[in-house]
Amino acid sequence: MKTTRRTFLESTAAAGAVFASPAAEPAAAPDAAVIARRHGLVRTLPTPDFFEGMLLGNGDIGVCVTVRPDALGIHIGKNDVWDIRVSEEHAAHIKPFGEVLDLWKRAGEEARRQGQPEMTFLESRIDFFREYSLLMQASYRKPWPRPWPCGTVWLHWDARMIRVARQELDIASGVLTIRLDYDNLRGAVRPVELTCFVSRENGHISVSGSAPLPILSAAYQPNRDAEAKLPEPEISGAGNRFTGFQYFPATAPTDAQPNPPKTKDDRNFALHGILAGEWQAESAGSRRVLLRPAGGEARRLRLDVTLFTPRDRADNVAHARDEASRLAAMPAAELRARSAAEWSRFWSASAVEFADRELEEIWYRNQYFLACCLKPGKVAPGLFGNWSSGKIGTAWHGDYHMNYNTQQVWWGVFSSNHAEQHEPYTRLVENLLPMAEWNARVQFGLPGLYFPHSAYPVPSNVNPYPAPPWGYEICETPWTVQSLWWQYRYTLDEAYLRRVYPILRGAADFVAAFARKGEDGRYHIAPTVSPENWGATVDYRLNRDCIIDLALTAFLLDAVLEGSRVLGVDAERRSHWREVRGNLAAYPAGDGAWGRVWLDVADAPLEHVYNVPVTLAPVFPAEQVGLGSAAETLELARRTARTVRLEGGNDLVWQPLARARLGMLDFDWFKREVRYSMTPLGVANDRVRQAGGRYSDDTNFDFMMRMGVWTENLSLPAVLNECLLQSYDGTIRLFPNAAGLGHARFRDLRAAGAFLVSASWDGRTASEVSLKSEKGATARLVNPWGAANVEARTASARSVAVARGPAGTIEFPTKAGETYTLRPVR
């Protein structure tokens, strides 16, 4: 049914959230916790499969709760629980880039000798080049490193007496309520609720019941994998307690040393569980700990589990025991309320509200899931976050892929006003500095920093994947450091800029040295590799001036030039940075059936099916082209967006975000794309859309759907933020992609320049526009009311002069801490 203004206002009034009409008094600001509560997840049947479960988390510990007809399963993961071994045998054989280029050249000559000058992927099709590539992949082909599940706790009940009636996850508080109907088989049936949550305060998992239940047993089952060759997990049970401990050596086994000695870098995790009441531990072999309740009567369930690593506390084994004892002695309701209060603080940062409840659901659910796996002070989530069980969450080692997967997780944190969530990524980049410096200096013989294609949260500093071709995607270096600059731009935190500026400078020094000035006076980037396209080609035929390399290099050089001016440093470097920036090669383009479009590299076929929207890189992530660009450039970008062919599986956020930046995102199309990739978990995973590129008719289009929870797609709120507010170029645009949006409003979305912006949209025009200035920067906006004069007033009703700027913009000075309300003067 089409939502009309009347039906929308009626429905939102019933939920306690009303949009103000232009003639009415301003409505109360949207309350994110209230809105989030209406987007919980509900199940009315048992959900025995991991991918049907309910996801909980505190930004460090992740839990997937599955409910069988006979049991509750708590599958536990943690961001810093990894098999941390990295095999380093390949390291001694890493060739300098010059020698790799010699192999590349010889491979091209061999391809021509074979009569195949158009050959692509030389590194896998020419024997001697393939031999080196496989050698450089040797470490990556090992089963380690990988996220390591912390095991599963099972609570078994008598299935004759219990029926699973309803499961409801309240994303506002992170609390899962499971309603069970308890039939005592004597004619009495009554409801019992189980309440589950992961504390936002500490490493605590809680399960409690509202009334007695016929619980048969509880079991803790640690994760095992014979292929991993790890020490056996240590488990024990006594009375009403059970424990689990897993040791992780830092040194990988070799043929010469199958059992490496312990080192200071070794890690572990310790888990401690307590069940309320009298229980008896039974021998269940070495596979699991089994506890049975003493006596056969039904009992009220209470389970407290704590989980810590040495990163949390050096004495993590004792701490897990002591914390479990302390928390088990406290009322579960009190612990739940304290955790819910932390969730409330999280939701207080910002809010959005849409007439279109499906869009609203996308925003709130993904904010919740992201907060479950991402938290300041904790380890950055890998490809599949902190939710794991068995092999789930281990594809591609669950690592950090630096050619979009890792970066995409953080695309929406700044505009959502959760800059604090970026802290783990900053530390991730800082931890990679020794490797990046070595790569630049030893591999390339160049100054600065060259970041790796893949990385792990482990002690080793050896580049795990220096393999052609993907180890030579030049774009990955500016891409890795991009969000460091974003954090400064959106917060104007100069102390943070001083911290990360040396990293930005190192990356800029590398790309400026790698780019070479050609006879045309332009700086070219070659050889390089388009992200997962073409591989190595003969005479660098498809390895020159990749559009994403050029666009991100421009972004980085712009950033480091501004950063150096802000900090008053490196004036002597600026001339070279400026020279390269001002003379980069033009973006590759070609003329096809629909007109001129961007290509990923010069001479690429026009109808190629790409894995990611690489041809839209100047729009996003590089932010060189957008609504403020010249009309001809903007139309070129839009034409490229309309006609690019994408295989699916890697573009669920990137493609619509780029379209939103161009003011051309169709909301019905966007919702269909999200639905197509949706899992029963409530998260959207990576799903193939078409054959013709890397995939064929024989491909299982769902092959990535059950690998784990793809954390990259939890950044879907970024797409909607960009439809409500854009500011990346220093000019604030309100509702820049509002066609078909319907009524909407937002509170405290963050804009570049350290502004918190709020506004409403009635389907035609903006109202209730306010802007809080955190740092006192000049506010510059595209006039939301066209040619009308604009009045800006402070909270004390002081009027501020608003000046007209070029291209329909307005601007006015601000003071730090002051909030300004804007309205048209007619």
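Scroll up to find the structure this text is about.
Residues numbered from 1 in each chain as written. Predicted model: local features only at pLDDT ≥ 70, side-chain atom pairs only at ≥ 80, totals over all residues. Heavy atoms only, no water.

What to know about the overall build of the chain
Then step 1. Within the chain one finds 19 helices and 38 strands.
Then step 2. By principal-axis analysis of the C-alpha atoms, the chain measures approximately 85 × 80 × 50 Å.
Then step 3. Counted over contacts in the chain with a minimum sequence separation of 6, partners at least 24 positions apart contribute 69%.
Then step 4. Summed over all atoms, the accessible surface of the chain reaches about 30,500 Å², with 50% contributed by carbon and sulfur. (Helix = DSSP H or I, 4+ residues; strand = E, 2+ residues; numbered from the N terminus. Contact = heavy atoms within 4.5 Å. Areas by Shrake-Rupley, 256 points an atom, 1.4 Å probe, with all protein chains shown as cover.)

Observations concerning the sheet that holds strand β3 (residues 61–68)
Then step 1. With antiparallel pairing, 7 strands are arranged side by side in an open sheet as β2-β3-β4-β7-β12-β17-β16. Each of the sheet's edge strands pairs with one partner strand only, and the pair in question is β2 (54–57) and β16 (279–282). Taking each pair of neighbouring strands and ignoring which way they run, the sheet shows an average axis angle of 20°.
Then step 2. Here strand β4 (residues 71–78) pairs with strand β7 (residues 151–157) via 6 bridges, running antiparallel. Within β7, the position partnered with Gly73 by the bridge is Trp154.
Then step 3. On top of the sheet, helix α8 (residues 357–373) reaches β2 and β3; it is set at about 50° to β2, its chief contact. (Pairing = 2+ DSSP bridges. Axes fitted to C-alpha atoms, helices over the stretch in contact; angles between N-to-C directions.)

Observations regarding empty space enclosed by the protein
Then step 1. Counting across every chain of the model gives 7 cavities of 30 Å³ or more.
Then step 2. Every residue lining the largest cavity is listed: Trp411, Phe414, Ser415, Trp486, Tyr490, Phe620, Glu623, Leu657, Arg661, Ala718 and Glu722.
Then step 3. Of all the secondary structure elements, the ones that give two or more residues to the lining of the largest cavity are α12 (476–491), α17 (654–661) and α19 (717–724).
Then step 4. Of the residues in the lining of the largest cavity, the class split is 7 nonpolar, 1 polar and 3 charged. (1 Å grid on protein atoms, 1.4 Å probe; cavity = no way out; pocket = protein on both sides within 12 Å on 5 of 7 lines; lining within 4 Å. Points joined across faces, edges and corners; volume = space filled by probe spheres on them. Nonpolar A, V, L, I, M, F, W, Y, C, P; charged D, E, K, R; others polar.)

So, the sheet that holds strand β19 (residues 351–354)
Then step 1. Strand order in the open sheet made by the 7 strands is β19-β30-β31-β32-β38-β34-β35, with antiparallel pairing throughout. Two strands bound the open sheet, and with one partner strand each, they are β19 and β35 (799–800).
Then step 2. Bridge count for strand β31 (residues 755–761) against strand β32 (residues 766–773) is 6 bridges, and the pairing is antiparallel. Looking across to β32, one finds that Val757 is bridged to Leu771.

Here we look at the side chain of Thr537
Then step 1. Locating Thr537 in the fold gives a position in the loop between β23 (523–524) and α14 (547–567).
Then step 2. When sequence neighbours within four positions are dropped, the list of residues in contact with Thr537 reads Trp104, Met119, Thr120, Leu122, Leu542 and Asn543.

Remarks on α12
Then step 1. With 16 residues, α12 should cover 22 Å at 1.5 Å per step; its first-to-last C-alpha distance of 24 Å lies within 8% of that length.
Then step 2. Most of α12 sits out of view: 16 of its 16 residues are buried.
Then step 3. Where α12 terminates, the next one or two residues include Leu492, which has phi positive at roughly 55°. (Expected span 1.5 Å × (residues − 1). Buried < 20%, exposed > 50% of the residue type's maximum accessible area, 1.4 Å probe, protein only.)

With respect to the packing of helix α13 (residues 494–514) against helix α15 (residues 571–582)
Then step 1. Between α13 and α15, whose axes approach to 11 Å, the crossing angle comes to 55°. Comparing the axis directions of α13 and α15 gives the class oblique. Here α13 runs over α15; the crossing is left-handed. Within the contact between the two elements, α13 uses Tyr501, Arg505, Ala508, Asp509 and Ala512 and α15 uses Arg573, His576, Trp577 and Val580.
Then step 2. Here the residues of the contact of α13 with α15 sort into 5 nonpolar, 1 polar and 3 charged. (Parallel < 35°, antiparallel > 145°, perpendicular 65-115°, else oblique. Left-handed = near helix turned anticlockwise from the far one by under 90°.)

Comments concerning the pairing of strand β34 (residues 789–794)
Then step 1. Note that β34 and strand β38 (residues 819–825) share 6 bridges and pair antiparallel. Paired with Arg793 across the bridge in β38 is Thr821.
Then step 2. Sheet topology places β34 next to β35; 2 bridges connect them, and they run antiparallel. Looking across to β35, one finds that Arg793 is bridged to Ser799.
Then step 3. Here β34 hands over to β35 after 4 residues, with Ala797 in that stretch at a positive phi of 70°.

The analysis is restricted to geometry; functional conclusions fall outside its scope.
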